[in-house]
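# Per-entry structural report
The residues making up each chain are set out below.
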Amino acid sequence: MTGNFAVIGHPIGHTMSPFIHKKLFSLKGIDVQYSALDIYPSSLSDSIFHTLSSLDGFNVTIPHKEAIIPLLSGIDESAQKYNAVNCVRNDGGKLYGCSTDAYGFTKALEANGVSLSGDVLILGAGGAARTLAREASDNGCHLTIAVRSTSIEKANELKSWLSANGGKAEVTSLDKISGRFNLCVNATPVGMYPNTDNAAVGTAVLSKCSAVFDAVYNPNETKLLKLAKSLGLKCVGGMEMLVWQAVKAHEFWYNAKFSADEVSKIIIEANVEMERIFYAK
Ligand code: NAP
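This is a predicted model, so every value here is computed, not measured.

### Notes on the overall build of the chain
A tally of helices and strands in the chain yields 10 helices and 12 strands. Scaling as 2.2 N^0.38, a compact globule of 281 residues should have a C-alpha radius of gyration of about 19 Å, and the chain matches this with 19 Å. In terms of principal-axis extent, the alpha carbons of the chain reach across some 55 × 45 × 30 Å. When the 281 residues of the chain are sorted by exposure, 48% land in the buried category. Surface summary for the chain: the accessible area is close to 13200 Å², and the carbon and sulfur share equals 49%. In the chain, 26 side chains carry a positive charge and 27 a negative one; their mean positions are 4 Å apart.

Take a look at the structure:
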């Protein structure tokens, strides 16, 4: 089997998607072209449809996850839930979208023995926070959403959306977090390359948590995870979510399944590749 796949986004320079997807295709003996297409927001219109429909499937990243929807013939429940698409399949010229983000998050936790239950602290109220908070909420967790004091309104909007969908959440600012948490989820870009010395919260908050998930995947071990590790907490990094999301895309495209061992190996390889690209002296 051969195929022609891509990731679309803007900017797309240092995406890990080609590396991860080529590894997954290669495990199934599929020879693919997988390219990174830099598409400006203003170019994502009917004129690009020809290019996109010449692909067997593609991934979608920022800023096109919502804007792609009108170009598609349909979206599944996972995409409807978040009004966002990160994976598209070409069925005989008709494009269908889904969202694999939530699956990536829950599988990353599960693979590391971290339960999504009890009191969960969500740092941030942007796109990733929306998905991770909703998954936690749908799992019956009680949420505390912590944001910068200037972003309380944005966090309240997230809270309202969660409440409208049967969830329970409180909002606080990052400097006023109190209570104990089963899990702390960082859904801010704080600590991401090149600002790797930063963490959204410090040991005062982390010492009240049992586990930490950091959506940031570059670096593999963020400052937040280093602090959490020093306190003996269970830690899960963003690369785990990124690779599990990719695994779900292969199921959506051609019904592929991968073992936990195969996925773990790719997570390690992706981290080595990222280290090589960004940190090699
Ligand atoms: P986003 O929509 O821009 O939201 C970012 C959130 O972080 C906002 O709530 C923002 O709050 C907050 N924030 C930004 N800078 C901050 C700072 N210095 N201190 C405190 N809060 C800050 O971004 P996103 O798409 O949600 O992505 C967030 C992170 O998750 C990124 O690093 C992204 O790479 C990562 N991510 C990873 C995966 C994965 O598979 N591992 C998937 C999706 C996203 P303000 O309103 O105050 O700016």
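Additional details are given in the paragraphs that follow.
### Describing helix α5 (residues 127-138)
With 12 residues, α5 should reach 16 Å at 1.5 Å per residue; the first-to-last C-alpha distance of 17 Å fits that figure. Within the sequence span of α5, burial applies to A129, T131, L132, A133, R134, E135, A136 and S137. Just past α5, the residue G140 takes up positive phi, approximately 90°.

### Thoughts on the pattern of salt bridges
One pass over the full model with this rule turns up 12 salt bridges. For K265, the salt bridge identified is with E269, shortest N-O distance 3.4 Å. Here E269 and K265 lie together in helix α10 (residues 260-279), a separation of four residues that amounts to about one turn. What makes K265 exposed here is its relative accessible area of 52%. For E269, a relative accessible area of 23% gives the class partly exposed. A single salt-bridge network, built from bridges that share partners, covers K81, R134, E135 and D138.

### Re the packing of aromatic side chains
Each aromatic ring pair is summarised here by two numbers: the centre-to-centre distance and the angle between the ring planes. Considering all chains together, one arrives at nine aromatic pairs under this definition. Relative to F25, the ring of F5 lies with its centre 4.7 Å away and its plane at 45°, an arrangement referred to as tilted. Residue F5 is located in strand β1 (residues 2-9), and its partner F25 is located in helix α1 (residues 17-27); the two are separated by 20 residues in the primary sequence. For the pair Y193 and Y279, a centre-to-centre distance of 5.4 Å together with 85° between the ring planes defines the contact as edge-to-face. Residue Y193 is found in the loop between β10 (183-186) and α7 (203-206), and its partner Y279 is found in helix α10; the two are separated by 86 residues along the sequence.

### Side note on the environment of I145
Examined against the element boundaries, I145 turns out to sit in strand β8 (residues 142-147). Given the relative accessible area of 0%, I145 is considered buried. Sequence-wise, I145 and L123 are 22 residues apart; in three dimensions their C-alpha atoms are separated by 6.0 Å. Residues within four places of I145 in sequence aside, it is in contact with I122, G124, A125, A155, L158, K159, L162, A169, E170, V171 and T172.

### Structural notes on the site of the ligand
Residues in contact with the ligand amount to 22 residues; listed here are only the nearest, A125, A128, R148, S151 and Q245. Residue A215 places a main-chain N or O atom 2.9 Å away from a nitrogen atom belonging to the ligand. Starting from 920 Å² of accessible surface for the ligand in isolation, the protein chains cover 75%. Those elements giving two or more residues to the shell around the ligand turn out to be α5 and α9 (238-254).

### Here's the deal with the nonpolar core
Buried together is how nonpolar side chains tend to be arranged in soluble globular proteins. Of all hydrophobic cores here, the largest spans 62 residues; its most connected members are I20, L143, L183, F213, M239 and W253. Top contributing element to this core by residue count: α9, with 11 residues. Those residues in contact with L143 that lie beyond four places of it in its chain are V120, I122, A133, A136, S137, L162, K168, A169 and E170. Counting residues in each nonpolar core, the second largest holds 17 residues, with I69, L72, V85 and L95 among its members.

### What to know about the sheet that holds β10
Taken in spatial order, the six strands make up an open sheet running β9-β8-β7-β10-β11-β12, and their pairing is parallel. On the outer flanks of this sheet lie β9 (168-173) and β12 (234-236), each paired with one strand and no other. Within the sheet, the average angular offset between the axes of one strand and its neighbour, ignoring direction, is 20°. Here strand β7 (residues 119-123) runs beside β10; their pairing, made up of four bridges, is parallel. In the sheet register, L121 faces β10, and the bridge partner there is C184. Running at roughly 140° to strand β11 (residues 211-214), helix α4 (residues 101-111) makes contact with β10, β11 and β12 of the sheet. Running over the sheet, helix α8 (residues 223-230) touches β10, β11 and β12 and is turned about 165° from β11.

Rules used throughout
- Counting restarts for each chain: residues are numbered from 1 in the order of the written sequence.
- The model is predicted, so local features are restricted to residues of pLDDT at least 70 and side-chain atom pairs to those at 80 or more, both for listing and for counting; the totals for chains, interfaces and linings are taken over all residues.
- Just so you know, side-chain values use all the structure's heavy atoms and leave hydrogens and water out.
- Put simply, DSSP H or I for four residues or longer makes a helix, DSSP E for two residues or longer makes a strand, and each gets a number counted from the N terminus.
- Only the C-alpha atoms count toward the radius of gyration. The rule for a globule is 2.2 Å times the residue count to the power 0.38.
- The buried label goes to any residue with under 20% of its type's maximum accessible area, the exposed label to any with over 50%, and the partly exposed label to all in between, with areas taken from a 1.4 Å probe on protein chains only.
- Accessible surface area values rest on a Shrake-Rupley calculation with a 1.4 Å probe, where residue burial reflects the displayed protein chains alone.
- We score Asp and Glu as negative and Lys and Arg as positive, and we do not count His or the chain ends.
- All charge positions are set by atom: Lys at NZ, Arg at CZ, Asp at CG, Glu at CD.
- By this rule the span expected of a helix is its residue count minus one, scaled by 1.5 Å.
- A pair is scored as a salt bridge if a Lys or Arg side-chain nitrogen falls within 4 Å of a carboxyl oxygen belonging to Asp or Glu.
- For this analysis, a ring pair means two rings from Phe, Tyr or Trp (six-membered ring only for Trp) whose centres lie within 6.5 Å, classed as stacked if their planes differ by under 30 degrees, edge-to-face if by over 60, and tilted for the remaining angles.
- Here, residues are in contact when the closest pair of their heavy atoms is within 4.5 Å.
- We define proximity as follows: a residue is near a molecule or strand when any one of its heavy atoms falls within 4 Å of that partner.
- For the purposes of these results, a polar contact is taken to be a pair of N or O atoms within 3.5 Å, where, inside protein, one atom must be able to donate a hydrogen and its partner to accept one; residues adjacent in sequence count only when each atom of the pair is a side-chain atom.
- The term nonpolar core refers to a set of buried residues drawn from Ala, Val, Leu, Ile, Met, Phe, Trp, Tyr and Cys, joined through side-chain atoms within 4.5 Å.
- A pair of strands counts as paired when DSSP detects no fewer than two bridges linking them.
- Note on definitions: angles span 0 to 180 degrees between N-to-C directions of axes, and those axes are lines fitted to C-alpha atoms, for helices only across the stretch in contact.

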